[in-house]
Amino acid sequence: MRPYRYDIVGSFLRPDYLKDARTEYAEGTLSADQLREVEDKAIKELVEKEKAAGLKAVTDGELRRRYWHLDFLASLVGVEEIKADHWSVAFKGHQPKAATLEIVDKVDFDENSEFLDHFSYLKEVAGDIDCKMTIPSPTMLHLICCVRGSESYQPIDRYKNEDDLYHEIALAYQKAIKAFYARGCRYLQFDDTSWGEFCDQSKRDDYASRGLDLDQIAKNYVKMINEALEAKPDDMTITMHICRGNFRSTWFSSGGYEPVAETLFGGCKIDGFFLEYDSDRAGDFKPLRFIKDQKVVLGLVTSKDPQLEDKEEIKERIKEATQYVALDQLCLSPQCGFSSTEEGNILTDDDQWKKMALIKEIAEEVWG
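Thresholds, definitions, all that
The numbers attached to residues start from 1 for each chain and follow its sequence in the written order. In view of the model being predicted, local features appear only for residues whose pLDDT reaches at least 70, and side-chain atom pairs are presented and counted only at 80 or more, with totals across whole chains, interfaces and linings using the full set of residues. Hydrogens and water molecules were not included; the side-chain quantities draw on all heavy atoms of the structure. Helix and strand assignments come from DSSP, with helices taken as H or I runs of at least 4 residues and strands as E runs of at least 2, each series counted from the N terminus. Working definition: with a 1.4 Å probe on protein chains only, accessible area under 20% of the residue-type maximum means buried, over 50% means exposed, and in between means partly exposed. Contact criterion: two residues are considered in contact whenever any of their non-hydrogen atoms come within 4.5 Å of each other. Residue-level accessible areas treat just the shown protein chains as cover; the underlying method is Shrake-Rupley with a 1.4 Å probe. A positive count includes Lys and Arg, and a negative count includes Asp and Glu. His and the chain ends are not counted in either. Taken as the charge centre is NZ of Lys, CZ of Arg, CG of Asp or CD of Glu, depending on the residue. Here a cavity means grid points, on a 1 Å grid over the protein atoms only, where a 1.4 Å probe fits yet cannot get out; a pocket means an open set of points with protein on both sides within 12 Å along at least five of seven lines; lining residues are those with an atom within 4 Å of a point. Grid points are joined across faces, edges and corners, and a volume is the space filled by probe spheres set on the points. Charged means Asp, Glu, Lys or Arg here, nonpolar means Ala, Val, Leu, Ile, Met, Phe, Trp, Tyr, Cys or Pro, and polar covers whatever is left, Gly included. We define the nonpolar core as a collection of buried residues of types Ala, Val, Leu, Ile, Met, Phe, Trp, Tyr and Cys that are connected through side-chain atoms lying within 4.5 Å of one another. For a helix, the expected span equals 1.5 Å multiplied by the residue count minus one. Think of a polar contact as two N or O atoms within 3.5 Å of one another; within protein, one of them needs to be a possible hydrogen donor and the other a possible acceptor, and neighboring residues in sequence only count if both atoms come from side chains. By definition here, a salt bridge exists when the distance from a side-chain nitrogen of Lys or Arg to a carboxyl oxygen of Asp or Glu is within 4 Å. Put simply, two rings from Phe, Tyr or Trp (the six-membered ring, in Trp's case) pair if the centres are within 6.5 Å, and we call them stacked under 30 degrees between planes, edge-to-face over 60, tilted for the rest. Think of it as a cone above the ring: NZ of Lys or CZ of Arg counts as a charge over the ring if it is within 6 Å of the ring centre and within 35 degrees of the ring normal. Strands pair, by our definition, only if DSSP identifies at least two bridges between them. Think of it like this: strands point away, you trace from the first strand over the helix to the second, and a clockwise trace means the crossover is right-handed.

### As for the overall build of the chain
Here comes step 1: The number of helices and strands found in the chain is 12 helices and nine strands.
Here comes step 2: For the C-alpha atoms alone, the extent of the chain along its principal axes is close to 55 × 50 × 45 Å.
Here comes step 3: Taken across its 368 residues, the chain has 57% of its residues classed as buried.
Here comes step 4: In the chain, once contacts between residues fewer than 6 apart in sequence are set aside, the share between residues at least 24 apart is 78%.
Here comes step 5: For the chain, the accessible area works out to roughly 15200 Å², and carbon and sulfur atoms hold 45% of it.
Here comes step 6: Between the averaged position of the 49 positive side-chain charges in the chain and that of its 70 negative side-chain charges there is a distance of 2 Å.

What follows is the structure, given as structure tokens:
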């Protein structure tokens, strides 16, 4: 049953030859077709490594993307990526190349989206094994444009009533869900940093000072996600990964899940939550008391540094979580991907696979 007892968030470190090819493409010395051939090779090699690691579901590592979110969101009809003077949130250290999004027309999903082809290639090279597709959550478009960018956001006439924007984002995602399903996707994941921000008291204070009611926005987000999920067939699993920022091993949000727990865990009809729990910044397990029948994938192993966790400590923390969620509803994964942007976290290829081996070993000892 998805999510699996030991699972992955999705992204993996890019091999150096792929990074070199991207640089050549940016400089105009490599064509789009040549770059795609390099990406194809890297993804095929990654899938073999994922299979060798014993994973029950594989991803393409997001190897074709610059960012975990902007590439997909900018591919939506009515959305444009624009340059920015600085990133919309400040990481605690390294800063990504600045870019943001603008809503310029009716938001819709392009049924000829290259992301559908990306999934089809993954499925082709993966063979019989389950394939997971990762895309940014429906919330992320609104978060970037209307929350983080609230001071400069000017809605187009179509979205003067913000409820219309929420509704049409949900409809676009309904189309996306159906389109991925038609390509054979049965395991889809929404990646979402909005909830991490809504858990951070300093960010809550900042947004409140701008006149934003985060509690109401959280309710709107759950309603929008649930509307998108109305398109989910019964034999498809859709999960959500909640992140507090992951760029070059840095982060941008802190705080436990309590401020959003009742609204999100108690109200969102997602099949499972991938939750960061690798540091004190994520708080304790008590907010999990609001979980209903969703599975909870505990991100107890960090993807941010190479040091291997103590196996017995991880098993003890899983046991601690069972105070709030039955063991049969729990799973284990890294707290995030290893490379949410093309730059990647500060660890090696060997390091990421040692992390995965540890997760598999622990899961087999805990769940058999």
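That shown, we press on.
### Regarding the layout of surface pockets
Here comes step 1: What the largest pocket holds in volume is close to 620 Å³.
Here comes step 2: In terms of lining, the largest pocket is formed by 20 residues, of which the most central are Arg-22, Tyr-25, Leu-35, Glu-39 and Arg-64.
Here comes step 3: Looking at the lining of the largest pocket, its residues break down into six nonpolar, two polar and 12 charged.

### Comments concerning the nonpolar core
Here comes step 1: Ranked by internal contacts, the top residues of the largest apolar core, which has 112 residues, are Phe-180 and Trp-195.
Here comes step 2: Per-element tally for this core: the top contributor is helix H6 (residues 162-182), with 10 residues.
Here comes step 3: In this structure Trp-195 touches Ala-218, Tyr-221, Val-222, Ile-225, Met-240, Ile-242, Val-260 and Leu-264, once residues within four positions along its chain are discounted.
Here comes step 4: In this structure, Ala-57, Tyr-187, Phe-274 and Cys-331 belong to the second largest nonpolar core, which totals seven residues.

### A look at helix H4 (residues 114-126)
Here comes step 1: Relative to the 18 Å expected for 13 residues at 1.5 Å per residue, H4 spans 18 Å between its end C-alpha atoms, a close match to the ideal helical length.
Here comes step 2: For H4, the complete set of buried residues consists of Phe-115, Leu-116, His-118, Phe-119, Tyr-121, Leu-122, Val-125 and Ala-126.
Here comes step 3: The elements touched by buried residues of H4 are helix H2 (32-52), strand E1 (57-58), helix H3 (70-75), strand E4 (130-136) and H6.
Here comes step 4: By the N-cap criterion, in which a side-chain oxygen at the helix start approaches the backbone nitrogen of a residue two or three places on, H4 is capped by Ser-113, the distance to Phe-115 being 3.1 Å.
Here comes step 5: Backbone geometry just downstream of H4 places Gly-127 in the positive-phi region, at approximately 75°.

### A closer look at the pattern of salt bridges
Between side chains of opposite charge, a pair can form when the charged atoms approach closely.
Here comes step 1: Applying the stated criterion across every chain, the model contains 28 salt bridges.
Here comes step 2: Asp-235 is paired through a salt bridge with Arg-186; the nearest N and O atoms lie 3.5 Å apart. With a gap of 49 residues between them, Asp-235 in the loop between helix H9 (214-229) and strand E6 (237-242) and Arg-186 in the loop between H6 and strand E5 (187-192) connect regions that are remote in the sequence.
Here comes step 3: Taking relative accessible area as the criterion, Asp-235 reaches 43% and is therefore assigned partly exposed.
Here comes step 4: Through salt bridges with shared partners, a single network forms among Arg-22, Glu-39, Asp-40, Arg-64 and Glu-342.

### Topic: the packing of aromatic side chains
Here comes step 1: In this structure the tally under the stated criterion is 16 aromatic pairs.
Here comes step 2: With centroids separated by 5.7 Å and ring planes inclined at 25°, the aromatic side chains of Phe-12 and Phe-338 adopt a geometry described as stacked. Of this pair, Phe-12 sits in the segment before helix H1 (16-27) while Phe-338 sits in the loop between strand E9 (330-334) and helix H12 (349-367), and the two are 326 residues apart along the sequence.
Here comes step 3: By relative accessible area, Phe-12 is classed as buried at 1%.
Here comes step 4: We classify Phe-338 as buried; its relative accessible area is 2%.
Here comes step 5: A connected cluster of aromatic rings, assembled from ring pairs, spans Phe-72, Phe-109, Phe-115, Tyr-173, Phe-180 and Phe-190.
Here comes step 6: Over the aromatic face of Tyr-17 sits the side chain of Lys-41, whose NZ or CZ is 4.0 Å from the ring centroid.
Here comes step 7: A cation sits over an aromatic face here: Arg-186 above Tyr-181, 3.6 Å from the ring centre.

### Focus on the pairing of E9
Here comes step 1: Of all five residues that make up E9, five are buried, and the element is covered over most of its length.
Here comes step 2: Alignment of strand E8 (residues 295-301) against E9, held across five bridges, turns out to be parallel. Considered in E9, the bridge of Val-301 is made with Pro-334.
Here comes step 3: The parallel pair E8 and E9, bridged by helix H11 (residues 311-321), forms a crossover whose chirality is right-handed.

### What to know about H12
Owing to its 3.6 residues per turn, the α-helix aligns residues three or four sequence positions apart on the same side.
Here comes step 1: Compared with an ideal rise of 1.5 Å per residue, which puts 19 residues at 27 Å, H12 spans 27 Å between its outermost C-alpha atoms and is within 8% of the ideal.
Here comes step 2: Residues of H12 that are buried: Asp-351, Gln-352, Trp-353, Lys-355, Met-356, Leu-358, Ile-359, Ile-362, Ala-363 and Trp-367.
Here comes step 3: Lining the buried residues of H12 we find H2, E8, H11 and E9.
Here comes step 4: Immediately beyond the C-terminal end of H12, within one or two residues, lies Gly-368, with a positive phi of roughly 80°.

Everything listed here is a matter of coordinates, which is why it stays silent on function.
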